[in-house]
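As a plain string of letters, each chain reads:
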Amino acid sequence: RAWTGDSVVHQMVDLVNNPDWSMARWHPQLAATPRADRMLPMAAASDFAVDDRMFVPDWSLHWVRSVHNLYRYTGDRDLIADLVPVAEGVLRWFESYLGDDGLLHGVVGWALLDWASVYGQDTSSVLNGLWARALEDLAEMADWIGNPGTARWARERREGVRVGFEQFWDEPRGVYIDHRSEEHTSELQSPYVISYAVFC
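Residues numbered from 1 in each chain as written. Predicted model: local features only at pLDDT ≥ 70, side-chain atom pairs only at ≥ 80, totals over all residues. Heavy atoms only, no water.

Chemist: For the packing of aromatic side chains, give the residues involved together with the corresponding values.
Modeler: As enumerated under the stated definition, the model contains ten aromatic pairs in all. Ring geometry for Trp-93 and Tyr-97: centres 5.2 Å apart, planes at 45°, overall tilted. Of the residues examined, Tyr-97 reaches a relative accessible area of 18% and is grouped as buried. Pairing Phe-165 with Phe-168 gives two aromatic rings, centres 5.0 Å apart and planes at 65°, and the pair type is edge-to-face. Residue class for Phe-165 comes out buried when judged on its relative accessible area of 1%. Here Phe-168 falls in the buried class, since its relative accessible area comes to 0%. Aromatic rings pair up to connect Phe-55, Trp-93, Phe-94, Tyr-97 and Trp-131 into one cluster. The ring of Trp-144 has Arg-77 sitting right over it, with the charged end atom 4.2 Å from the ring centre. The lysine or arginine in question, Arg-92, covers the ring of Trp-153, its NZ or CZ lying 4.1 Å from the ring centre. (Phe/Tyr/Trp six-rings, centres within 6.5 Å; stacked < 30°, edge-to-face > 60°. Buried < 20%, exposed > 50% of the residue type's maximum accessible area, 1.4 Å probe, protein only. Lys NZ or Arg CZ within 6 Å of the ring centre and 35° of its normal.)

Listed below in structure tokens is the structure:
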């Protein structure tokens, strides 16, 4: 199975260490096969093509990063121009979960969060950080291919996450927490949250 999220790690290794970039270029194109709702399946070229009811929303955000990697390393404007509309569709999929505070709430699907020991229920700091990073990637690529409308939309959404992200700040401990919900405020904090907070 060509996993949508795992591939970005292998791609980054190839782009740095492998003189043959053919697979690093091909996988983002292979995975650019959105469902009818614009979310990417969790694996491409696999048995999940028949049954795609289960999906991993954060893996589609990693896929946007893989497209951004191609932008940075290859400078192939035609390739990026083909993939940016798919990336925009993926990011706009999340809008139905966007709250007035600028954050994503209650995103459906399997929020895998890369098997990290963090909670992703309701309002996840990690998922919101990933969305912010992907929005920034999209804005940069959209500007580059001459699509200022998409770039402006992505930056507006990212700014909303930046402002709303402070809800995760735990002042007494001086850390960002993993998630918040109406019933429970997490007391957990992980290095993942610190990493994703820098994107906001």
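Chemist: Break down the layout of surface pockets for me, with residues and values.
Modeler: The space that makes up the largest pocket amounts to roughly 170 Å³. Along its surface, the largest pocket is lined by 13 residues, and Ser-7, His-10, Gln-11, Met-23 and His-27 are the ones closest to its centre. Residue assignment for the lining of the largest pocket shows that the elements contributing at least two residues are β1 (2-3), α1 (7-17) and α2 (22-30). Taken together, the residues of the lining of the largest pocket sort by class into five nonpolar, five polar and three charged. (1 Å grid on protein atoms, 1.4 Å probe; cavity = no way out; pocket = protein on both sides within 12 Å on 5 of 7 lines; lining within 4 Å. Points joined across faces, edges and corners; volume = space filled by probe spheres on them. Helix = DSSP H or I, 4+ residues; strand = E, 2+ residues; numbered from the N terminus. Nonpolar A, V, L, I, M, F, W, Y, C, P; charged D, E, K, R; others polar.)

Chemist: Before we move on, could you go through the confidence of the model for the protein and cite the residues and values that matter?
Modeler: Of the residues in the protein, 84% have a pLDDT of 70 or more, and the chain-wide mean is 87. Helix α4 (residues 77-93) holds the highest mean pLDDT among the elements of the protein, 98, whereas helix α7 (residues 191-197) holds the lowest, 48. Segment residues 194-200 is flagged for pLDDT under 50; beyond a separation of four residues in sequence, or across chains, it makes 18 contacts in the model. (pLDDT = per-residue confidence, 0-100. Contact = heavy atoms within 4.5 Å.)

Chemist: Any details on the packing of helix α5 (residues 125-144) against helix α6 (residues 148-164)? Residues and values, ideally.
Modeler: Direction vectors running N to C along α5 and α6 enclose 155°, while the axes themselves pass 8 Å from each other. When the interaxial angle is binned, α5 and α6 end up roughly antiparallel. Once α5 is placed against α6, the crossing between them reads as left-handed. Between α5 and α6, the residues in contact are Asn-128, Trp-131, Ala-132, Leu-135, Glu-136, Leu-138, Ala-139, Glu-140, Ala-142 and Asp-143 and Pro-148, Thr-150, Ala-151, Trp-153, Ala-154, Arg-155, Arg-157, Arg-158 and Val-161, respectively. A class-by-class count of the residues in the contact of α5 with α6 yields eleven nonpolar, two polar and six charged. (Axes fitted to C-alpha atoms, helices over the stretch in contact; angles between N-to-C directions. Parallel < 35°, antiparallel > 145°, perpendicular 65-115°, else oblique. Left-handed = near helix turned anticlockwise from the far one by under 90°.)

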